[in-house]
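# Per-entry structural report
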Amino acid sequence: MQTRILQINEDSLNESRKIIMNGGAVAFPTETVYGLGANAYDNTAVENIFKIKGRPCDNPLIVHVHNEYDILSLVSYVPEYAKLLAKAYLPGPLTMVYKSNGKVSPAVSCGLDTLAIRVPSHKEAQKFLKYIDLPIAAPSANVSKHVSPVTAEHVFSDLDGRIEIILDGGKCEGGIESTVVDCTSDIPLILRSGLITREMIARVVGDCGEYSVKEGEKVRSPGMKYKHYSPLCRTMLFDYNEKKRAEEKYAECILEGVNAYILCDDATAKSIKAEKVLNLGKTETEIASNLYFKLREGENIAELIIAIAPEKQDGVMAGVMNRLTKACKN
Ligand code: AMP
Ligand code: MG
C-alpha cells in the first residue's frame, strides 16, 4: 500500500471519508498529537487499528467527535461535574471517560464498560470529524510504544505502507497526549496527566483525584502500565538535582566515542557543560510542545539520549514527566 501525505481540503476529506466508510483508517492532526482514526461503530475497522500499530489488545482507544456531536448517543450517564469540565475546557486536550451505552464496537474499550471521549479543538481535526460525522476511534498514529507523532512526517516514518492517507496539519502545538479523566465516580479522577492540569480541573469542580497504579491492583487505565513514547536509541534519565552526574556521563560518552546528546530545558541547557544538546525550550507549554519532536530528532542523530528532568514538576510538567519517565524506562 502506498502512503500519501495530503493537505486538508475537499478532495482529501472526501477520500478520507471513503476510506473510513470502507473500514479503513486515516491519520489526522489534532492539537495534541496525530491520531489514527477509524469508524468506532465498525468492529473490524477498530480491530485493524490495533493491528496497524501493533498495539496490545487491552489498551483501549479514545473516541473523537466534533463539537456539535451529541455524546449522549454514546454514553449512559454524564455527571454534573463532567458537564462543568466540558463547558470549561471543550473542545480541547481533555478526554473524559464515561459509562458506555454499548453502541460503539466493544473493541474500542477492549471490553471495559466505559468509553473515553474527546472533542479536539484543532481546526482541521474539527473539519475532518464534521466531514465524517461519525465517532472516530483514534489512538496516536505511531507504532505501539514508539514516540507519539507530532508531524505528518513522523506518522509517515512509522506507518508508511500500512495506511493510505495522512492528513497534514503541520506540527501539533500541544505536543503531548490529552489529559484523561475518569468521570464515572463521585469526583473526577485523572488517569493520565496532560495540558489540562489537575489545578485547572480542581478550579472548576473543586475536587479532583489522581490515579496511580497500586501493586497487585487491576489497572483502571490499561495504557498506563506500558513502556511508552520511547525513542529507538538508548536513553537515560537523571533528576534535576543529578545534573552533575548527567554531565559526567556525557563527558564519559564523548571520551569513549559514544554519540550522546543531553535532552533538557533551556535553563539547564544554558548551565550544562555539553556541546550536543536537545533543548526543549523555556516555558512549560514550550517544553511539552517540543518533547516528542526532540525525542524523535534525538533518535535520528544520537546513540544515547541523556535526559535531565526539569526542576518544576507540577502543572503541565506533571504530564511531561510522566512521558519522559516512560520514554526512558528500560
Ligand atoms: P492513546 O490513544 O495512545 O493516547 O492512549 C489512550 C489512553 O486512554 C490510554 O492511556 C488508555 O488507557 C486511555 N483510555 C482509553 N479508553 C479508556 C477507558 N475506557 N477507560 C480508561 N482509560 C481509557
Ligand atoms: Mg499512544
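Placed above this text is the structure.
This write-up is about the structure you can find in this document.

Taking strand neighbours across the sheet as the criterion, the four strands line up as S13-S16-S14-S15 in an open arrangement whose pairing is parallel. If you trace the sheet from one side to the other, it starts and ends with strand S13 (234–238) and strand S15 (277–279), each paired once. Between one strand axis and the next, the sheet turns by 20° as a mean value, whatever way the strands run. As paired elements, S13 and strand S16 (residues 304–308) share five bridges and run parallel to each other. Paired with Leu237 across the strands is Ala307, a residue of S16. Docked against the sheet, helix H7 (residues 243–256) engages S13, strand S14 (260–264) and S16, running at close to 165° with respect to S16.

Another point: the nonpolar core. Ranked by internal contacts, the top residues of the largest apolar core, which has 74 residues, are Leu74, Tyr98, Val108 and Tyr292. Ile8, Ile20, Val26 and Phe28 belong to the second largest nonpolar core, which has 17 residues in total.

This part covers the packing of aromatic side chains. Describing an aromatic ring pair means giving the distance of the ring centres and the angle of the ring planes. Summed over the entire model, instances satisfying the criterion amount to two aromatic pairs. Relative to Phe128, the ring of Phe28 lies with its centre 4.6 Å away and its plane at 25°, an arrangement referred to as stacked. Of the two residues, Phe28 is situated in strand S2 (residues 26–28) and Phe128 in helix H4 (residues 123–132); the sequence distance between them amounts to 100 residues. The pair formed by Phe28 and Phe128 is uniform in burial state, with each residue classed as buried. In this arrangement the basic side chain of Lys171 is found over the ring face of Phe293, its NZ or CZ atom lying 5.3 Å from the centre.

Residues Leu90 and Pro91 are joined by a peptide bond in cis, for which omega reads -5°. As for its position among the elements, Pro91 is in the loop between helix H3 (80–89) and strand S6 (94–100). Even without being a glycine, Asp133 presents a positive backbone phi close to 55°. With a phi close to 80°, Lys145 is a non-glycine residue in the positive phi region.

Along a regular strand, successive side chains alternate from one face of the sheet to the other. Both faces of strand S10 (residues 179–182) are covered, namely the face carrying Thr179 and Val181 and the face carrying Val180 and Asp182. Across four bridges, S6 lies against S10 in parallel orientation. Following the sheet pairing, Val97 is matched in S10 by Asp182. Here three bridges tie S10 to strand S11 (residues 189–192), and the two strands are oriented antiparallel to one another. Bridge pairing in S11 links Val181 to Ile190.

Moving on to the environment of Lys130. By secondary structure assignment, the location of Lys130 is in helix H4. With 65 residues separating them in the primary sequence, Lys130 and Val65 have C-alpha atoms 8.0 Å apart. Those residues in contact with Lys130, other than ones at most four positions away along the chain, are His66, Asn67 and Glu68.

Before going further, it helps to spend a moment on H3. Taken together, the buried positions of H3 are occupied by Tyr81, Ala82, Leu85 and Tyr89. Taken end-on, H3 shows its buried residues confined to a sector of 100°, consistent with a single buried face. H3 presents Glu80 and Lys87 as exposed residues on the side facing more than 90 degrees away from its buried surface. Looking at the packing, one finds that the buried side of H3 touches S6, S10 and helix H6 (198–205).

Close contact between helix H9 (residues 284–301) and helix H10 (residues 316–327) brings their axes to 9 Å; oriented N to C, the two are set at 20°. In terms of axis orientation, H9 runs roughly parallel to H10. You can see that H9 and H10 cross each other, and the crossing is left-handed. On H10, the residues that touch Glu284, Ile287, Ala288, Leu291, Tyr292 and Leu295 of H9 are Val316, Met317, Val320, Arg323, Leu324 and Ala327. Each residue belonging to the contact of H9 with H10 can be placed in one class, and the counts come to ten nonpolar, no polar and two charged.

For Thr30, the location among the structural elements is in the loop between S2 and strand S3 (35–39). Relative accessible area serves as the criterion here: at 2%, Thr30 is assigned to the buried category. At a separation of 2.9 Å, a polar atom in the side chain of Thr30 contacts the side chain of Thr32. Looking at Thr30, its side chain comes within polar contact range of the main-chain oxygen of Val33, at 2.7 Å. Residues within four places of Thr30 in sequence aside, it is in contact with Arg118, Pro120, His122, Ala125 and Cys172.

Criteria and thresholds
- Residues numbered from 1 in each chain as written.
- Chains lettered and ligands numbered in written order.
- Predicted model: local features only at pLDDT ≥ 70, side-chain atom pairs only at ≥ 80, totals over all residues.
- Heavy atoms only, no water.
- Pairing = 2+ DSSP bridges.
- Helix = DSSP H or I, 4+ residues; strand = E, 2+ residues; numbered from the N terminus.
- Axes fitted to C-alpha atoms, helices over the stretch in contact; angles between N-to-C directions.
- Contact = heavy atoms within 4.5 Å.
- Core = buried A, V, L, I, M, F, W, Y, C linked by side-chain atoms within 4.5 Å.
- Buried < 20%, exposed > 50% of the residue type's maximum accessible area, 1.4 Å probe, protein only.
- Phe/Tyr/Trp six-rings, centres within 6.5 Å; stacked < 30°, edge-to-face > 60°.
- Lys NZ or Arg CZ within 6 Å of the ring centre and 35° of its normal.
- Arc of directions from axis to C-beta.
- Parallel < 35°, antiparallel > 145°, perpendicular 65-115°, else oblique.
- Left-handed = near helix turned anticlockwise from the far one by under 90°.
- Nonpolar A, V, L, I, M, F, W, Y, C, P; charged D, E, K, R; others polar.
- Polar contact = N/O pair within 3.5 Å; in protein donor to acceptor, adjacent residues only side chain to side chain.

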